[in-house]
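Per-entry structural report
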Amino acid sequence: MWCSVLIAEPMASREWKAKGGHVVEGKVMTVEGGEVSLERAEGQVVKVKLELFVEEDQKAIREHFGLPDGPVPAAGSGAKAAEGLPFPMGKVHGPVDAGGSNYFVYVPKSLKEGREAPLLFYTNAGGGQGKMIQELTPAAETLGWVLAISVESSNKRGMAANERHNQACLDHLLKNLPIDKGRLHYTGNSGGGSEAFANSSIKKAFGVMPNIAYIPDVGLEKTEVVYGLGGGSDFNRYLTAFAAAKYKDKGFHRMTNKGHAAAPPEHRFDGMFWMHCHFLADAKSGYDDERRDFELATLTWLRGLKPNRAYSNAVLFRDIYKPDGQNRQVLDHMLKKLEKDSANPLYHEGLMAISEFSKKYFAPLGERGGSKIGFKDPKNAALVDRELMPKYGKVPELAPVLQAMRAQTARLTK
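Per-chain numbering applies: the sequence of each chain, read as written, is numbered from 1 onward. Selection of residues for local features in this predicted model requires a pLDDT of at least 70, selection of side-chain atom pairs for listing and counting requires 80 or more, and totals for whole chains, interfaces and linings are taken over all residues. Derived side-chain values reflect all non-hydrogen atoms in the structure, with water molecules and hydrogen atoms excluded from consideration.

Some points on the sheet that holds strand β13 (residues 251-256)
Each strand in a sheet pairs with another by means of backbone hydrogen bonds, the pair being arranged parallel or else antiparallel. Note the threshold: Strands qualify as paired when DSSP identifies two bridges or more between them. We count a stretch as a helix when DSSP gives it H or I for four or more residues in a row; a strand needs E for two or more, and each element gets its number in order from the N terminus. Axis geometry follows a simple rule: fit a line to the C-alpha atoms, using only the stretch in contact for helices, then measure angles between N-to-C directions, giving values from 0 to 180 degrees.
Ordered in space as β6-β7-β9-β8-β10-β11-β12-β13, the 8 strands form an open sheet in which the pairing is mixed. Each of the sheet's edge strands pairs with one partner strand only, and the pair in question is β6 (92-97) and β13. Pairwise comparison of adjacent strand axes, ignoring direction, gives a mean angle of 20 degrees for this sheet. Direction of pairing for strand β8 (residues 117-124) relative to strand β9 (residues 146-150): parallel, over a ladder of 4 bridges. The residue of β9 that forms the bridge with Phe121 is Ala148.

A word on the packing of aromatic side chains
Quick note on the threshold: Ring pairs are drawn from Phe, Tyr and Trp, using the six-membered ring of Trp, whenever the two centres fall within 6.5 Å, and their geometry is named by plane angle: stacked under 30 degrees, edge-to-face over 60, tilted for the rest. Burial classes: relative accessible area under 20% of the type maximum marks a residue as buried, over 50% as exposed, and values in between as partly exposed (1.4 Å probe, protein chains only).
All chains considered together, the criterion is met by 18 aromatic pairs. Here the aromatic rings of Tyr227 and Trp274 are separated by 5.4 Å at their centres, their planes lie at 55 degrees, and the arrangement is tilted. Placement of Tyr227 in strand β12 (residues 225-231) and of Trp274 in helix α7 (residues 265-282) is noted, with a sequence separation of 47 residues between them. In this pair, the class of Tyr227 matches that of Trp274, namely buried.

Structural notes on the nonpolar core
To keep things clear, this is the line we draw: In these notes, a set of buried Ala, Val, Leu, Ile, Met, Phe, Trp, Tyr and Cys residues joined through side-chain atoms within 4.5 Å is what counts as a nonpolar core. Throughout, a residue-residue contact means that at least one pair of heavy atoms, one from each residue, lies within 4.5 Å.
Counting 49 residues, the largest nonpolar core has Ile133, Leu147, Met272, Trp274, Phe294 and Phe317 as the members making the most contacts within it. Residues within four places of Leu147 in sequence aside, it is in contact with Phe104, Val105, Tyr106, Leu120, Ile133, Leu136, Thr137, Ala140 and Met272. In this structure, Val107, Leu170, Leu184 and Tyr186 belong to the second largest nonpolar core, which totals 30 residues.

Section: the pairing of strand β3 (residues 23-32)
Pairing of strand β2 (residues 14-17) with β3, which is carried by 4 bridges, proceeds in the antiparallel orientation. Bridge pairing in β3 links Glu15 to Glu25. Between β2 and β3, which pair antiparallel one after the other, the connecting turn spans 5 residues, and Gly21 there sits at a positive phi close to 105 degrees. As defined by bridge partners, β3 adjoins strand β4 (residues 35-40) across 6 bridges and the pair is classed as antiparallel. Counterpart to Gly26 in the pairing with β4 is Arg40.

Let's talk about helix α8 (residues 288-303)
The test is simple: Here a helix's expected span is defined as the number of its residues, less one, multiplied by 1.5 Å.
For α8, which comprises 16 residues, the first-to-last C-alpha distance of 23 Å matches the rise-based estimate of 22 Å (1.5 Å per residue) to within 8%. Of all the positions in α8, only Glu290, Arg291, Asp293, Phe294, Glu295, Leu296, Thr298, Leu299, Thr300, Trp301 and Leu302 are classed as buried. Residues of α8 that are buried make contact with α3 (137-143), β10 (179-189), α7, α9 (307-321) and α10 (325-338).

Looking at the layout of surface pockets
To locate leftover empty space, one rolls a probe as large as a water molecule over the atoms. Applied cut-off: A 1.4 Å probe that fits into a set of points on a 1 Å grid over the protein atoms alone but cannot get out defines a cavity; an open set with protein on both sides within 12 Å along at least five of seven lines defines a pocket, and lining residues are those with an atom within 4 Å of a point. Grid points are joined across faces, edges and corners, and a volume is the space filled by probe spheres set on the points. Residues are grouped as follows: Ala, Val, Leu, Ile, Met, Phe, Trp, Tyr, Cys and Pro are nonpolar; Asp, Glu, Lys and Arg are charged; every other residue, Gly included, is polar.
Size it by volume and the second largest pocket reaches roughly 360 Å³. Surrounding the second largest pocket, 19 residues form its lining, Arg254, Glu266, His267, Tyr347 and Glu397 being those nearest its centre. Of all the secondary-structure elements, those providing two or more residues to the lining of the second largest pocket are β13, α7, α9, α11 (343-367) and α14 (399-406). Broken down by class, the residue content of the lining of the second largest pocket amounts to 9 nonpolar, 5 polar and 5 charged.

Comments concerning unusual backbone geometry
Across the junction of Gly94 and Pro95, the peptide omega takes the value 5 degrees, indicating a cis bond. In this structure, Pro95 sits in strand β6. Located in the positive-phi region is Ile212, a residue other than glycine, with phi close to 45 degrees. Looking at the element boundaries, Ile212 is found in the loop between β11 (207-211) and β12. Here Lys248, not a glycine, exhibits a phi torsion of approximately 50 degrees, which is positive. Residue classification places Lys248 among the exposed positions, given a relative accessible area of 61%.

Describing the environment of Leu280
Positionally, Leu280 belongs in helix α7. Under the relative-accessibility criterion, Leu280 is labelled buried at 0%. Separated by 42 residues in the primary sequence, Leu280 and Lys322 have C-alpha atoms spaced 9.7 Å apart. Not counting chain neighbours up to four residues away, the residues in contact with Leu280 comprise Arg183, Tyr287, Glu290, Arg291, Phe294 and Tyr321.

What follows is the structure, given as structure tokens:
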């Protein structure tokens, strides 16, 4: 696993040889950002790029410190973890009283001192509890996001009452935590997903991640990017498609093989990552230290994913965020290895094709509004068969999604 400083017991003193023929005796102490700290016999510590050692010595150092083959990422910022916050870090805390409105909150241990964090604020159709954000904590730690969920907000209360509760919670969060006001993100399920768009009118969002949901009213949303989540046979699939299509290349529709059901945590993790890439790609200045930490965290995270998911997110990292220098070399090396299995590029291509299909064919039905319960459109089913099935119908993760897209939409259950 990559980290900012790779530390193990120092390697025994010996002779180390550079590719140019120079030989030095000493102990390798640490590896940081691709640089080896070498303590010479007389006590002087010198730093030498790992790639300058002969292959045999490189291999010995990699094995000792647990480094994979290929280029090594640049070091992170080295910034200290934040301290003195009013809520504990690394655990879901709450409910927190925001003056009659309540929320649960998660502050990541990865939050750095003096750094403002993005916020993901969650609203659920049936009200919210801490367990609903617990499954998003790995994403919060990787990306350095604060998570919060409204307790009271639900379909039963109505939009006006929900807005009052959400306003109170957001005001309290912004007052008590170091949150970047330009990086507010809203998410929610079903009616809570509709609220996510409504919340962007309370305080402008950078990103909205609606799950089995829709834009509640034309002109209500104020956001920069939309990552729509939902089941292929969800009765709100056309509405989610319309929301994604409205934002063109800043909109994406990610579907599952389910109906009106919450997307799995890994899809929401990918959505948070996608929105994070878009923000830092567009940010002009002031985020240099965060970029260093984000790049290192991303390259570490990608190494731990299933190959097809790793490849897809690595491509998005390359194409949206566009890392350069040493970390671009690491990313290109990773992609080259993953591309050897043709199933990985095909999976990513299929995800992109499904989103574009949705925005082209599902979105027009969503523009006219309304959930379509127990609805089947033979024309769209035929288009799935013609445009998607031949190439992606045998991809194990995508075939069930395509079947759901061509099926009748889910019915409401008691």
